[in-house]
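# Structural characterization, general
So the chains spell out like this:
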Amino acid sequence: MGTVVDDAASVEFHAFFERHYAELSRLACLLTGETDTADDLAADALLALWHRWDRVRAADHPAAYARGVVANLARTRIRSAVRERRRIALFWSQREERTENPDVAGVVDVREALRRLPFRKRACVVLRHAFDLSERDTALALGVSVGTVKSQTSKGMAELQRLLGAQAVPQRVHAAMARTGEASGRDR
């Protein structure tokens, strides 16, 4: 008997999905201004609706409920993007304008070693040591757990130490990234 209810709910949800997915995607696009993100937000909203389908289908206006979920997800996405832009702006505003006696070879070595790391390890190392983000902020920026940030940062730093053969890898990464920012600022 439970399967019949589940099958009926599944059929009903599928019909709801077919009727409203395009509309929810359009709404997400208009709210965020990001075409690429719109489909993801609509899919995330529909997944959330599926998990609460019994409540949603009992609502007076399920489509309005769905639009509210998309609006909340879009708001979260926009806030996250604003926070990220602020962090980047803060990072660039705090960097030193000039570096005395830059270690160009060191910068090249660190950049090459970073390129050899897998993306997640590289991202954790750069966000933690070059951008000075906390473990929590790094986890939020990458959409992973704090534990993942800790392990990936630790493994990435160990690999950098192996590649660079240096004891002060965090300072070298920080210094190299600060100098990289100066160089790329001039190149633009």
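Computed from a predicted model, the values in this text were never measured in an experiment. (Residues numbered from 1 in each chain as written. Predicted model: local features only at pLDDT ≥ 70, side-chain atom pairs only at ≥ 80, totals over all residues. Heavy atoms only, no water.)

## Here's the deal with the packing of helix α6 (residues 119-130) against helix α7 (residues 135-142)
Where α6 meets α7, the axes come as close as 10 Å, and the angle between the chain directions of the two elements is 135°. Taken as axis vectors, α6 and α7 run oblique relative to one another. In the crossing of α6 with α7, the sense of the turn from one axis to the other is right-handed. Along its contact with α6, which presents A123, C124, L127 and R128, the element α7 presents E135, T138, A141 and L142. (Axes fitted to C-alpha atoms, helices over the stretch in contact; angles between N-to-C directions. Helix = DSSP H or I, 4+ residues; strand = E, 2+ residues; numbered from the N terminus. Parallel < 35°, antiparallel > 145°, perpendicular 65-115°, else oblique. Left-handed = near helix turned anticlockwise from the far one by under 90°. Contact = heavy atoms within 4.5 Å.)

## A closer look at the confidence of the model for the chain
Averaged over every residue, the pLDDT of the chain is 81; residues scoring 70 or more account for 78%. Within the chain, no element has a lower average pLDDT than helix α9 (residues 169-187), which sits at 54, and none a higher one than helix α2 (residues 35-51), at 92. Note on residues 181-188: pLDDT is under 50 here. Beyond four places in sequence and across chains, it has 9 contacts. (pLDDT = per-residue confidence, 0-100.)

## Some details on unusual backbone geometry
A positive phi angle is found at D132, which is not glycine, with a value near 55°. Along the chain, D132 falls in the loop between α6 and α7.

## Structural notes on the packing of aromatic side chains
In the structure shown here, the tally under the stated rule is 4 aromatic pairs. Seen in terms of ring centroids, F13 and W50 are 5.0 Å apart; in terms of plane orientation they differ by 50°. Their pairing is tilted. Pair noted here: F13 is in helix α1 (residues 2-32) and W50 is in helix α2, with a separation of 37 residues, a long-range link. A network of ring pairs unites the aromatic residues F13, F16, W50 and W53 as a single cluster. (Phe/Tyr/Trp six-rings, centres within 6.5 Å; stacked < 30°, edge-to-face > 60°.)

## Some remarks on the side chain of Q152
Inspection of the secondary structure puts Q152 in helix α8 (residues 146-164). When its relative accessible area of 15% is taken as the criterion, Q152 is described as buried. If near-sequence neighbours (up to four positions away) are discounted, Q152 is found in contact with R120, K121 and C124. (Buried < 20%, exposed > 50% of the residue type's maximum accessible area, 1.4 Å probe, protein only.)

## Quick notes on the layout of surface pockets
In this structure, the largest pocket spans a volume of roughly 410 Å³. The wall of the largest pocket is formed by 16 residues, among which S80, E84, R87, L140 and A141 lie closest to the centre. For the lining of the largest pocket, the leading source of residues is helix α4 (residues 62-94), giving 8 residues. (1 Å grid on protein atoms, 1.4 Å probe; cavity = no way out; pocket = protein on both sides within 12 Å on 5 of 7 lines; lining within 4 Å. Points joined across faces, edges and corners; volume = space filled by probe spheres on them.)

## Looking at the side chain of T138
Considering the arrangement of structural elements, one finds T138 in helix α7. By relative accessible area, which is 0% here, T138 ends up buried. With near-sequence residues (within four places) excluded, T138 lies in contact with C124, L127, R128, L133 and V149.

## Things to note about the environment of L114
Relative to the helices and strands, L114 is located in helix α5 (residues 104-116). Residue classification places L114 among the buried positions, given a relative accessible area of 5%. As for L114 and V125, which are separated by 11 residues in sequence, their C-alpha atoms are 8.6 Å apart.

## Concerning the nonpolar core
Grouped together as the largest cluster of nonpolar side chains are 17 residues, with contacts concentrated most on F16, L24, L46, L49 and W53. Among the secondary structure elements, those contributing two or more residues to this core are α1, α2, α3 (53-58) and α4. No other element matches the 6 residues that α2 contributes to this core. Dropping the residues within four chain positions of it, L24 is found in contact with A42, L46, A66, R67 and V70. Membership of the second largest hydrophobic core comes to 10 residues, among which are V110, L114, L117 and V125. (Core = buried A, V, L, I, M, F, W, Y, C linked by side-chain atoms within 4.5 Å.)

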